[in-house]
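# Understanding the architecture of this molecule
So you can see what is in the structure, the chains are spelled out below.
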There are 2 protein chains.
Amino acid sequence: MNTEGVFSRQQNGVVQPLLTDLYQITMAYAYWKTGKVTDHSIFDLFFRKNPFQGEFTIFAGLEECLKFLQAFHFSQSDIEYLKQTMSSVEDEFFEFLSNLSTNDVVIYALDEGTVVFPRIPLIRVEGPLIITQLLETTLLTLVNYASLMATNAARYRIAAGNSKLLEFGLRRAQGPDGGLSASKYSYIGGFDGTSNVLAGKLYDIPVKGTHAHAYVTSFTSFSELLMLTIKWRSELVPLFKVVITEVNDGELAAFISFAMAFPDQFMVLVDTYDVERYPCHVTYNTFTPRQKCLPNTPTHSKYRSGLLNFCAVSLALNDLAFQAVGIRIDSGDIAYLSFVAREYFIKISAKYEIPCLNEQEHKINCFGIGTHLVTCQKQPSLGCVYKLVELNHQPRMKLSQDVAKVSLPGRKDAYRLFSEREDALIDLLIRPDEEQPSVGTKILCRHPFEESRRAYVTPSKVEKLHKLYWKDGRVCRTLPSLEDIRNNVSTSLKSIRSDIKRNHNPTPYKVAVSDNLYNFLHNLWMENAPIGELT
Amino acid sequence: MNTEGVFSRQQNGVVQPLLTDLYQITMAYAYWKTGKVTDHSIFDLFFRKNPFQGEFTIFAGLEECLKFLQAFHFSQSDIEYLKQTMSSVEDEFFEFLSNLSTNDVVIYALDEGTVVFPRIPLIRVEGPLIITQLLETTLLTLVNYASLMATNAARYRIAAGNSKLLEFGLRRAQGPDGGLSASKYSYIGGFDGTSNVLAGKLYDIPVKGTHAHAYVTSFTSFSELLMLTIKWRSELVPLFKVVITEVNDGELAAFISFAMAFPDQFMVLVDTYDVERYPCHVTYNTFTPRQKCLPNTPTHSKYRSGLLNFCAVSLALNDLAFQAVGIRIDSGDIAYLSFVAREYFIKISAKYEIPCLNEQEHKINCFGIGTHLVTCQKQPSLGCVYKLVELNHQPRMKLSQDVAKVSLPGRKDAYRLFSEREDALIDLLIRPDEEQPSVGTKILCRHPFEESRRAYVTPSKVEKLHKLYWKDGRVCRTLPSLEDIRNNVSTSLKSIRSDIKRNHNPTPYKVAVSDNLYNFLHNLWMENAPIGELT
């Protein structure tokens, strides 16, 4: 096994050019071999269907793409590996490869964090055919998962209202780097933080459990806290209607340890131990759960050990002038159980005339999301594609039986048109030689394939979506911070009507072409589509 | 944004200790604060359910875990980050952390690539509580996805018989590193190669399109190939029953370019252009596919352009003493279409009295798998857990309402017992002080929870599953190569009965405990489970 390293990124965190399909390099060779070195191409990177059965997508991954372009270079060791792998290739090609750079590539892209829709080119790559072809797989890899994750996170954000959202998925992520990307792009999509410490360090994302800036020195007495807790526990037993043998002592010890280490951040899991149903377990002759085998056992009694212990420690902390933060529930009917917990907290604060355990409303105010978030269980990949739309200034299109797969030929510019209320109305693609849409001027927007579907739009605001990001071998815009991108997601989402963003039965957003582009597309189509023959 | 680097692995490709949940570090602090520095613990890493509704799993990721242990060290920059994040923590703890090593950790594990089953500890981690706790998230991250991917690949391997399997998923992988891991662990699981060039370079895995070692120098004439191809195409038109206008010239040009670059490796996509159904497209007023709108158009006619062009180039290559490799089909009913292609090949080789285009049988002999493989769409995560089973030589167990979630307490050794035909019969967990099972000796194997389910087994072969892999701060076994691990998967799978491995309705494999362990477990359970009260 190669000992040089087992990672996809170089020392500076940038993805290597060999992270591509061999196919791309053999194609590059075929282009080179047949004299296509100076051919000029335009590729569109876009997707055809929003993920998660939704009607919007968040575009992410652009910064990583630009850094990849910046560092693009086949090292001597890469070239040697390729030589040994592609043995029938001429040496001059490898010389050509080792001198290849992205200096002649031009990239137009949407701002990272923008809400995007099917068919709009997220990135337009212009330049010599060989180098643009070589970028395909890596750009797709960098955009697909980043956008999928940011979109997934944004959907959770919309569903969760004002609750805090934390990403907890590292242990279930698809590889260590998958875990890091999940933390980064879920933050962009609207999460409030992550449990992943390295992500916190690398991207300056809040990590779960960050403490208040009160350095605790006064609190060193274990025995004091212990005594107070034991006292409070005896007090509380009747209130919780439990038998003391049902309350787990190991759990109490763990809670006290935690409270001693973090007296101002006391928050614990209350569902480690079950107290319910053990009388049924003595026979062990089945795996079938037997919920409610004791007719009068309330269903929430399994949490009474944890809740009681939590309250005892919290009251002891209160005596020592610290305030507990809350509880964590990892299993069962969380909504119902948070309500049960709330009832106990209210009862206790009333009975002992102490301030409520938490000044905020007692309800779920933080969700930690793991597997479903980081693996995007509902749809684990986004189908971005990278299609040649122009070669040597001639438009190119992929013809397909499936109309949805026909690609839009030629260089296109995209505009978002807004209503008076600043709602996004429609995205419009036009040909580069057309006049750009302007505020107050009526413009005809057409469905790209259905002749009869068209509408006039008079925009109150017009946004040019494509911006020049890369030229002459360098990034030519100031790149936004992660925080800026996150804000762009939130701003961009605000301009989208809520029926488009909703989970259930969302309305599709309209993506249209100008009349000019419509005619251009359909003429080209008719010219190129072969005519069948009835036999 | 931090500019230090944006990657989860250090320069040597090893995962960093900060790639963990903050929770682990706060727990470590709580342990430290309450004097648990010398507490001795044993953790089991295991899963409870096989993935993909199957009945087996391939254990993978061990080498990466061991390398992580080897490099485990909180750097000065890590410590500074933690200090600033955990502001209420005493300075002495950070000193403790920065001196922390894995020297006192002992790791027993199964060989990487072994077929494994629920509840068998894949890795047993022994050592001081604080360090063993700190390893949890990272070990889970490294084992979960690696094992999931290797298992997914092994399932494809079983289904595909002798066909070649290539991993093509990079562009849809969950991040760049997810793509690399997918290539590596699908190779372990039985794939024959990958399209991912970097994976090829780093792990010495065959990359798709690797060429025969015949350096081609003689072949430089484009015009010769072109002329021959044109001649053959006219010949073939009647045989394919197409009108020449239906055959795409751009496609032909692309094929010829490719053939010129790789005359001994000619294999192309034949489904880029459709020839069918265009007569129906003129109205453009619907998205509904209208297959069969022309009554006599054979459904495979859409591939006739590609097939005809492929055959023309192949015959021209044949004139020049090169043999074409085959075609690639990416869409539609691949099984049916490969049959259609075969028919044309046979017809042509008969008519022109040339050897068949490919000496092998004309059928699908290679599958390239992308999204479904790398994202494990059917189940995108494996649920490995990491549970404390012994603390200071006292057994620990998690009690749960859900019997399936009860963990098996104490240190346990695992054995695999085989039949005379060398079929694996059962995996048996025993207590460390028990005599180990031996060939020819009858032993009672019990279901861990169901009292009445038990069986005597007289093994013809006994395999001790746990081996010592880490002690005194270093790896203490020679680590196998990737190829060795891949062979272990194949050997290990051969010993598993095929009804256990099948896709549909597989038989569960039995995992049992010794009578001694059964009694130990149930006594402990009864001692610890609280007794309810009827009210």
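None of the values given here were measured: they were computed from a predicted structure.

This part takes up the overall build of chain A. Within chain A, the regular secondary structure consists of 15 helices and 20 strands. Looking at chain A as a whole, 60% of its 535 residues qualify as buried. Surface accessibility of chain A: about 21,200 Å² in total, with carbon and sulfur atoms responsible for 50%.

Residues and elements named next belong to chain B. The buried fraction of strand β14 (residues 424–430) amounts to six of the seven residues, a majority that puts the element mostly inside the structure. Where strand β13 (residues 413–418) and β14 come together, six bridges link them in antiparallel fashion. Directly across from F418, in β14, lies its bridge partner A424. Hairpin geometry of β13 and β14 is characterised by an intervening segment of five residues between the two adjacent antiparallel strands and by a positive phi of about 65° at E422. Inspection of the sheet shows β14 paired to strand β20 (residues 510–514) by four bridges, in the parallel sense. Within β20, the residue paired with L428 across the bridge is A512.

Further remarks concern the packing of helix α9 (residues 249–261) of chain A against helix α10 (residues 304–319) of chain A. Each pair of packed helices can be summarised by the angle the axes make with each other and by the distance between the axes. All names here are of chain A. At a minimum axis separation of 10 Å, α9 and α10 run at an interaxial angle of 35°. The hand of the α9/α10 crossing is right-handed. On α10, the residues touching E251, L252, F255, I256 and A259 of α9 are S305, G306, N309, F310, V313 and L317.

Attention now goes to the sheet that holds strand β14 (residues 424–430) of chain A. Residue and element names in this part refer to chain A. Here six strands make up an open sheet; going across it, the order is β16-β15-β20-β14-β13-β17 and the pairing mixed. Looking at the sheet topology across the chains shown, the edges are occupied by β16 (454–457) and β17 (461–464). Looking at each pair of strands side by side, their axes are set apart by 35° on average, direction ignored. Against the sheet, helix α15 (residues 515–528) contacts β14, β15 (443–446) and β20 (510–514), and its axis sits at roughly 80° relative to β20.

Over its twelve residues, helix α1 (residues 22–33) of chain B runs 16 Å from end to end, which matches the ideal 16 Å to within 8%, given 1.5 Å per residue. Summarising burial for α1 of chain B: eleven of the twelve residues are buried, a large majority. On its buried face, α1 of chain B sits against α7 (197–203) and α9 of chain A together with α3 (76–85), α4 (91–98) and α5 (129–160) of chain B. In the segment just after α1 of chain B, G35 of chain B is the residue with positive phi, at about 75°.

Mapped onto the present numbering, the UniProt feature "domain: Nicotinate phosphoribosyltransferase N-terminal" (unreviewed entry) falls on residues 18–144 of chain A. Along residues 18–144 of chain A, the helical share is 44% and the strand share 17%, with 18 Å between the first and last C-alpha atoms.

All names here are of chain A. The tally for this structure, following the rule as stated, stands at 30 aromatic pairs over all chains. Through a chain of ring-to-ring contacts, three or more aromatic side chains come together here, namely Y29, W32, F93, F94 and F96. Its end group placed over the ring of Y518, R446 keeps NZ or CZ at 3.7 Å from the ring centre. Stacked on the ring of Y469, the Lys or Arg R477 has its end atom at 5.5 Å from the ring centre.

Domains assigned within chain A are domain 1 (22–172 + 378–528) and domain 2 (222–279 + 297–321 + 324–357). Using only C-alpha atoms to locate each centre, domain 1 of chain A and domain 2 of chain A end up separated by 52 Å.

Right, let's get into the sheet that holds strand β1 (residues 40–46) of chain B. Residues and elements named next belong to chain B. Strand order across the open sheet formed by seven strands is β12-β11-β1-β5-β3-β18-β19, with antiparallel pairing between neighbours. Strand pairing shows two members of the sheet lacking a second neighbour, β12 (394–395) and β19 (474–475), which therefore form its edges. On the sheet, α5 packs against β1, β5 (123–128) and β11 (385–391) and is oriented at approximately 155° with respect to β5.

Residue and element names in this part refer to chain B. Checked against the element boundaries, R502 lands in the loop between α14 (498–501) and β20. Here R502 falls in the partly exposed class, since its relative accessible area comes to 39%. Note: C-alpha distance between R502 and I158 (344 residues apart in sequence) is 8.2 Å. Engagement of the side chain of R502 in a polar contact is seen with the backbone oxygen of N505, the distance being 3.1 Å.

Once that is clear, we can look at the UniProt feature "domain: Nicotinate phosphoribosyltransferase C-terminal" (unreviewed entry) in chain A. The UniProt feature table records "domain: Nicotinate phosphoribosyltransferase C-terminal" (unreviewed entry) at residues 411–520 of chain A. For residues 411–520 of chain A, helix accounts for 21% and strand for 34%, while the C-alpha atoms at its two ends are 12 Å apart.

One side chain can pair with another of opposite charge once the charged atoms of both are near each other. Overall, the coordinates contain 40 salt bridges over all chains when judged by the stated rule. Across the salt bridge formed by K201 of chain A and D78 of chain B, the nearest N and O atoms sit 2.6 Å from each other. Within this pair, whereas K201 of chain A is found in helix α7, its partner D78 of chain B is found in helix α3, the two belonging to separate chains. Relative accessible area serves as the criterion here: at 9%, K201 of chain A is assigned to the buried category. Judged by its relative accessible area of 2%, D78 of chain B is buried. With a closest N to O distance of 2.9 Å, D515 of chain B and R446 of chain B form a salt bridge. In this pair, D515 of chain B is assigned in helix α15 (residues 515–528) and R446 of chain B in strand β15 (residues 443–446), connecting sequence segments 69 residues apart.

Right, let's talk about helix α5 (residues 129–160) of chain A for a bit. All names here are of chain A. In this model α5 runs 46 Å from its N-terminal to its C-terminal C-alpha over 32 residues, within 8% of the 46 Å that 1.5 Å per residue would give. At E136, α5 shows its largest bend, some 40°. With 29 of 32 residues buried, α5 lies mostly within the body of the structure. Phi turns positive one or two residues past the end of α5, at G161, with a value near 60°.

I123 of chain A together with I123 of chain B are the most contacted members of the largest nonpolar core, which has 312 residues in total. Once you skip the residues sitting within four places of it in the chain, I123 of chain A turns out to touch F43, D44, L45, F59, L62, C65, I107, Y108, A109 and V143 of chain A.

A few words on the environment of D39 of chain B. Residues and elements named next belong to chain B. Looking at the secondary structure, you find D39 in the loop between α1 and β1. A C-alpha to C-alpha distance of 5.5 Å links D39 and L129, two positions 90 residues apart in sequence. Among the polar contacts made by the side chain of D39, one reaches the side chain of N392 at a distance of 3.4 Å.

What follows covers unusual backbone geometry. Glycine aside, residues mostly have negative phi, and peptide bonds are mostly found in the trans state. Residue and element names in this part refer to chain A. Even without being glycine, F52 reaches a positive phi, approximately 60°. In this structure, N505 is a non-glycine residue whose phi angle is positive, near 50°. With respect to the secondary-structure elements, N505 resides in the loop between α14 (498–501) and β20. A relative accessible area of 58% means that N505 is categorised as exposed.

It is worth spelling out the pairing of strand β5 (residues 123–128) of chain A at this point. All names here are of chain A. Burial of β5 is extensive: five of the six residues sit out of reach of the surface. Summarising the sheet, strand β1 (residues 40–46) and β5 pair through six bridges and their orientation is antiparallel. Note on β5: the bridge partner recorded for H40 is P128. With four bridges connecting them, strand β3 (residues 106–109) and β5 associate as antiparallel partners. Each residue of the ladder has a partner; that of I107, found in β5, is V125.

Attention now moves to the confidence of the model for chain A. Residues and elements named next belong to chain A. When pLDDT is averaged across chain A, the result is 81; 82% of the residues are at 70 or more. In the predicted structure, residues 1–7 sits below a pLDDT of 50 and forms 25 contacts with residues beyond four places in sequence or in another chain. With pLDDT under 50 throughout, residues 275–300 is counted as low confidence; its partners more than four residues away or in other chains account for 57 contacts. Quick note on the complex model: pTM equals 0.79, ipTM equals 0.75.

What follows concerns the side chain of E126 of chain B. Residues and elements named next belong to chain B. Within the secondary structure layout, E126 lies in strand β5. Residue E126 is classed as buried on the basis of its relative accessible area of 9%. In this structure the side chain of E126 is engaged in a polar contact, spanning 2.9 Å, whose partner is the side chain of R124. Within the structure, the side chain of E126 is placed 2.8 Å from the side chain of R411, a separation counted as a polar contact. Setting aside residues up to four positions removed in sequence, E126 forms contacts with H40, S41, I42, D104, V105, V106, Y108, T132 and R411.

What counts as what
- Residues numbered from 1 in each chain as written.
- Chains lettered and ligands numbered in written order.
- Predicted model: local features only at pLDDT ≥ 70, side-chain atom pairs only at ≥ 80, totals over all residues.
- Heavy atoms only, no water.
- Helix = DSSP H or I, 4+ residues; strand = E, 2+ residues; numbered from the N terminus.
- Buried < 20%, exposed > 50% of the residue type's maximum accessible area, 1.4 Å probe, protein only.
- Areas by Shrake-Rupley, 256 points an atom, 1.4 Å probe, with all protein chains shown as cover.
- Pairing = 2+ DSSP bridges.
- Axes fitted to C-alpha atoms, helices over the stretch in contact; angles between N-to-C directions.
- Left-handed = near helix turned anticlockwise from the far one by under 90°.
- Contact = heavy atoms within 4.5 Å.
- Expected span 1.5 Å × (residues − 1).
- UniProt positions renumbered as here; feature names shortened; annotations may be inferred.
- Phe/Tyr/Trp six-rings, centres within 6.5 Å; stacked < 30°, edge-to-face > 60°.
- Lys NZ or Arg CZ within 6 Å of the ring centre and 35° of its normal.
- Domains from an automatic or database assignment.
- Polar contact = N/O pair within 3.5 Å; in protein donor to acceptor, adjacent residues only side chain to side chain.
- Salt bridge = Lys/Arg side-chain N within 4 Å of Asp/Glu carboxyl O.
- Bend = angle between axes of the 7 residues up to and from the residue.
- Core = buried A, V, L, I, M, F, W, Y, C linked by side-chain atoms within 4.5 Å.
- pLDDT = per-residue confidence, 0-100.

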